[in-house]
Amino acid sequence: MKNIVIKIFASMMLFAFAFSANAMASEHASSTTEVSAHKEETYKAQPMSTMIVNFLKSTGIVALVNPRKDEMSSTGKPMSDFHKGLGRVIMILVTFLLFWLAIAKGFEPLLLLPIAFGGLLANIPIAGIGGPHGFLGVIYQAGLSNELFPIIIFMGVGAMTDFGPLLSNPKTALLGGAAQFGIFGTLVGAVALSQAGLVDFTLQQASAISIIGGADGPTSIFIATKLAPELLGAIAVASYSYMAMVPIIQPPIMKALTTDAERKIKMTTLRHVSRLEKLIFPILVLVLAILVLPESTPLIGAFMFGNFLKESGVVERLNDTLQNALINITTIFLGLGVGSKLAADQFLVPETMFIMVLGIIAFSVGTASGVLMAKVMNLFPGHKVNPLIGSAGVSAVPMAARVSNKVGMEYDRTNMLLMHAMGPNVAGVIGSAVAAGVLISMFQ
């Protein structure tokens, strides 16, 4: 009995000791927290008049009229007073023009609105929205600088693409190939200008700029990341701007190179394309890309993956996600990221101006090359091709095909060219990806 009492007493003492130690530790932690939470007051009281003056100095109006000397660009570099003040005002007016084109004229609002709004946010003084810690800068680093957004866009475009018109009339692929002449023609032109001393572009930079001629934003971002990352912002802005401006740029070129009779040529579907053909085609194209031009497989692989899911018919949920939710979300982020490069200090510079000029030349040459190739094809026996669908050889899907159809219906309301134009349009997507792969393999 005595031993039991001793054991109980010893247990009680141990328990009391442990409880006391725990209480002391808690008290010490609490006092430490109080000490660490204490902060010396650094704000000094000021008169109300001084506070009002300081507030007024922090407004955007003052920042535009009397720019801060210590304000840096989104890349951490000093800015000129022009870019801090009048340059920002000019770019804000440019974004308002883009809003008008998207809303009032309906020019590709899915692209123009996010790009324009990103440009508006990027030109807000002081806020630093386009900087590395601003949300536009975070979006840009998260999906544009690492090629993620272009790959996702290609998946979505693949899921929305029907290769039936191309497979039913394979010769329209020549129109997509001809439109790539704008890419290589502009490459030669950019190198010639560099040799003449008018611009200072390296061969890699000229290659990245030339891909704008394909009117393929994702491909432009992809190749710029590989060959000229320092020009990525300017190239992305130029490429997506011209994609959105397809309804403005292409019709005058198409009308100048065709006659009324050519614009009224009616085309008929040659044959029905089986489901098996549509299943085999994406795999065949991917295998050829792997064997011949592996540099192009990231883009072509994503494009064919999306199309294969669509044609398989057994993963409708995934197909629906690619066609709608995923590509829409990515388009929002991609547009805002591209718009972040519309900041005055990055856009209103000679290099960007040269890129914009070379880009529109490349795009115009690509459009003209497709139309002229269709006219050449009509010199040979066989079914006639409406030259208007040649302009769809640039890979602005499906904008270029819609423009071909719209111009054709201006001269004959019963002449539906949309599905016929989709043949060279999707061929142009593949062609621009192949052209990018060739340039990367040659100049990287």
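Heads up: the structure comes first, above all this text.
Residues numbered from 1 in each chain as written. Predicted model: local features only at pLDDT ≥ 70, side-chain atom pairs only at ≥ 80, totals over all residues. Heavy atoms only, no water.

## Overview of the overall build of the chain
Point 1. Of the regular secondary structure elements, the chain holds 23 helices and 0 strands.
Point 2. The C-alpha extent of the chain, read off along each of the three principal axes, is 115 × 75 × 45 Å.
Point 3. In the structure as shown, the chain presents an accessible area of about 22,000 Å², 70% of it carried by carbon and sulfur atoms. (Helix = DSSP H or I, 4+ residues; strand = E, 2+ residues; numbered from the N terminus. Areas by Shrake-Rupley, 256 points an atom, 1.4 Å probe, with all protein chains shown as cover.)

## Considerations on unusual backbone geometry
Point 1. The omega torsion of the bond from Val397 to Pro398 falls at -10°, within 30 degrees of zero and hence cis.
Point 2. Counting through the fold element by element, Pro398 comes out in the loop between helix H21 (350–377) and helix H22 (399–411).
Point 3. Phi at Ile126 takes a positive value of approximately 75°, unusual for a residue other than glycine.
Point 4. Within the secondary structure, Ile126 sits in the loop between helix H6 (109–122) and helix H7 (135–144).
Point 5. You can call Ile126 partly exposed: its relative accessible area is 33%.
Point 6. For Glu147, which is not glycine, the phi dihedral falls at a positive 75°.
Point 7. Take Glu147: it is sitting in the loop between H7 and helix H8 (148–160). (Buried < 20%, exposed > 50% of the residue type's maximum accessible area, 1.4 Å probe, protein only.)

## Concerning the packing of aromatic side chains
Point 1. Overall, the coordinates contain 6 aromatic pairs when judged by the stated rule.
Point 2. Ring centres 6.2 Å apart and planes at 35° place the aromatic pair Phe96 and Phe99 in the tilted group. Here the residue Phe96 and the residue Phe99 both occupy positions in helix H5 (residues 86–103), the gap between them amounting to 3 residues, near one helical turn.
Point 3. In this structure Phe99 comes out as buried when scored by relative accessible area, which is 16%.
Point 4. When the ring of Phe154 is compared with that of Phe303, the centres are 5.9 Å apart and the planes differ by 65°; the resulting orientation is edge-to-face. (Phe/Tyr/Trp six-rings, centres within 6.5 Å; stacked < 30°, edge-to-face > 60°.)

## Focus on a nonpolar patch on the surface
Point 1. Together, Phe82, Leu86, Val89, Ile90, Leu93 and Phe96 make up an exposed nonpolar region whose accessible area comes to about 530 Å².
Point 2. The dominant element in the nonpolar patch, judged by the number of residues it contributes, is H5, at 5 residues.
Point 3. Mapping Phe82 onto the fold places it in helix H4 (residues 81–84). (Patch = residues over 30% accessible without salt bridge, like charges linked within 9 Å, V, L, I, M, F, W, Y side chains within 5 Å. Salt bridge = Lys/Arg side-chain N within 4 Å of Asp/Glu carboxyl O.)

## Some points on the pattern of salt bridges
Note on pairing: side chains with opposite charge can pair once their charged atoms come close.
Point 1. A complete count under the given rule lists 9 salt bridges for this structure.
Point 2. Between Asp162 and Lys278 there is a salt bridge; the shortest N-O distance is 3.2 Å. One end of the pair, Asp162, is in the loop between H8 and helix H9 (164–168); the other, Lys278, is in helix H17 (residues 275–292), and 116 residues separate them in sequence.
Point 3. What makes Asp162 partly exposed here is its relative accessible area of 23%.
Point 4. Residue Lys278 is classed as buried on the basis of its relative accessible area, which comes to 17%.
Point 5. Residue Asp412 is joined to Lys266 by a salt bridge in which the shortest nitrogen-to-oxygen separation is 3.8 Å. Of this pair, Asp412 sits in the loop between H22 and helix H23 (418–443) while Lys266 sits in the loop between helix H16 (260–263) and H17; the two residues are 146 residues apart in sequence, bridging distant segments of the chain.

## A look at the packing of H17 against helix H18 (residues 297–312)
Point 1. Between H17 and H18, the least distance of the axes is 9 Å, while the angle of their chain directions is 165°. Here H17 is positioned roughly antiparallel relative to H18, judged by the angle of their axes. Seen from above, H17 lies across H18 with left-handed handedness. Contacts between H17 and H18 involve Arg275, Lys278, Leu279, Pro282, Ile283, Val285, Leu286, Ala289 and Ile290 on the former and, on the latter, Thr297, Ile300, Gly301, Met304, Asn307, Phe308, Glu311 and Ser312.
Point 2. For the contact of H17 with H18, the per-class residue count stands at 10 nonpolar, 4 polar and 3 charged. (Axes fitted to C-alpha atoms, helices over the stretch in contact; angles between N-to-C directions. Parallel < 35°, antiparallel > 145°, perpendicular 65-115°, else oblique. Left-handed = near helix turned anticlockwise from the far one by under 90°. Contact = heavy atoms within 4.5 Å. Nonpolar A, V, L, I, M, F, W, Y, C, P; charged D, E, K, R; others polar.)

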